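# Commentary on secondary and tertiary structure
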Amino acid sequence: AEAVGLAAALLQAKAETGLPVHIMMGSADYALSSNDAFFDNTTAASEVWLVGNPLATMRPTSIEQLQIVKVAYGAPRVHISKVRLLGQLRVDGGELNIQDCIIEEISSTSVVGGKLSAKERALTVFDGRVILMRTVMQGHSAGAIYVASATLILIETTIRKCQAPAGGAILVCGHSTV
């Protein structure tokens, strides 16, 4: 029921013309489809804030789609604060601010239905801007962050126990700023 409430609030944020939208998340486990937290130029809110508490968790509903947040070109600025994130985050030309969060690799036991096959980094940033503040990224077996032609700002952020063939913590390509 909590996930349905969050999905409905996210849908409202997409329709709330020109106003900032603040979504407060309770101490619950929120299973989201890849379209629930997808923000692009059709999102009408001026800014979106997802604010939880240390017991709020966002995770994917399916092992076929591990992405839980996507911010694309033309999207308003998106802020996520005080949430445990189990899944992949992607920025394609937008701006995402993550503060006081824990971003952990999702395990096959975290999603209904079995084994994981997708092995992408926890955070992928193409031609966008991401700020991580007081955030911990841990346990990502495919690497923590990939940045290509983008800006990544890390403030009091810890990346630990992440590995990949290249750039286990951060892999930077193109004209990027870290």
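Heads up: these notes are all about the structure in this document. Along each chain, numbering runs from 1 in the same order as the chain's sequence is written. With the structure being a predicted model, the display of local features is reserved for residues of pLDDT at least 70 and the display and counting of side-chain atom pairs for 80 or more, all residues being used for whole-chain, interface and lining totals. To obtain the side-chain values, all non-hydrogen atoms of the structure were included, while hydrogens and water were left out.

A few words on the side chain of Glu-104. Structurally, Glu-104 can be placed in strand S11 (residues 102-104). We define a polar contact as two N or O atoms separated by no more than 3.5 Å, with the added condition that, inside protein, one atom must be a possible hydrogen donor and the other a possible acceptor, whereas residues neighbouring each other in sequence contribute only through side-chain atom pairs. There is a polar contact of 2.5 Å between the side chain of Glu-104 and the side chain of Arg-84. Side chain to side chain, Glu-104 and Gln-138 meet in a polar contact 2.8 Å long. Glu-104 has contacts with Arg-84, Leu-85, Leu-86, Gly-87, Gln-138 and His-140, leaving out every residue within four places of it along the chain. Secondary structure elements are taken from DSSP: a helix is a run of H or I of four residues or more, a strand is a run of E of two residues or more, and numbering for both begins at the N terminus. Any two residues whose heavy atoms approach within 4.5 Å at even a single point are treated as in contact.

Definition used in this section: a nonpolar core is a set of buried Ala, Val, Leu, Ile, Met, Phe, Trp, Tyr and Cys residues joined via side-chain atoms within 4.5 Å. For every residue, the accessible area (1.4 Å probe, protein chains only) is compared with the maximum for its type, and the residue is labelled buried under 20%, exposed over 50%, or partly exposed between those bounds. The biggest cluster of nonpolar side chains holds 43 residues, and the ones touching the most others in it are Met-58, Ile-80, Leu-85, Leu-123 and Leu-132. At four residues, the largest contribution of residues to this core is made by helix H1 (residues 2-15). Once you skip the residues sitting within four places of it in the chain, Met-58 turns out to touch Met-25, Tyr-30, Leu-32, Leu-50, Ile-68, Val-69, Val-83, Arg-84, Leu-85 and Leu-86.

By definition, the strands of a sheet pair up through backbone hydrogen bonds, in either a parallel or an antiparallel sense. Judged by pairing direction, the sheet is parallel, and its six strands sit side by side in the order S2-S5-S8-S11-S14-S17 without closing on themselves. In this open sheet, the two edge strands, each paired with only one partner strand, are strand S2 (29-32) and strand S17 (158-160). Across the sheet, the mean angle separating the axes of adjacent strands is 15° when strand polarity is ignored. Here the rule is simple: two strands pair whenever DSSP picks up at least two bridges between them. In this description, a line fitted to the C-alpha atoms serves as the axis of each element, helices being fitted only across the stretch in contact, and the angle between N-to-C directions of two axes falls anywhere from 0 to 180 degrees.

Quick look at the pattern of salt bridges now. The working definition used for a salt bridge is a side-chain nitrogen of Lys or Arg within 4 Å of a carboxyl oxygen of Asp or Glu. Summed over all chains, the structure comprises seven salt bridges. Of the charged contacts, one joins Lys-70 and Asp-92 as a salt bridge, the two residues approaching to 3.4 Å between their closest N and O atoms. In this pair, Lys-70 sits in strand S6 (residues 67-72) while Asp-92 sits in strand S9 (residues 88-92), placing the two residues 22 residues apart along the sequence. Judged by its relative accessible area of 12%, Asp-92 is buried. In this structure, the salt-bridge partner of Asp-92 is Arg-90, at a minimum N-O distance of 2.9 Å.

The next thing to look at is the sheet that holds strand S4 (residues 47-51). With parallel pairing, six strands are arranged side by side in an open sheet as S1-S4-S7-S10-S13-S16. Two strands close off the open sheet at either side, each with one partner strand: strand S1 (20-24) and strand S16 (151-155). The average undirected angle you get between the axes of adjacent strands in this sheet is 10°. Here S1 pairs with S4 via five bridges, running parallel. Paired with Met-24 across the bridge in S4 is Val-51.

Quick look at the packing of aromatic side chains now. The aromatic pairing rule takes the rings of Phe, Tyr and Trp, using the six-membered ring of Trp, and pairs them if the centres are within 6.5 Å, calling planes under 30 degrees apart stacked, those over 60 edge-to-face and the rest tilted. Across all of its chains, the model carries one aromatic pair by this definition. For the pair Phe-126 and Tyr-146, a centre-to-centre distance of 5.6 Å together with 65° between the ring planes defines the contact as edge-to-face. One end of the pair, Phe-126, is in strand S12 (residues 123-126); the other, Tyr-146, is in strand S15 (residues 145-148), and 20 residues separate them in sequence. For Phe-126, a relative accessible area of 27% gives the class partly exposed.

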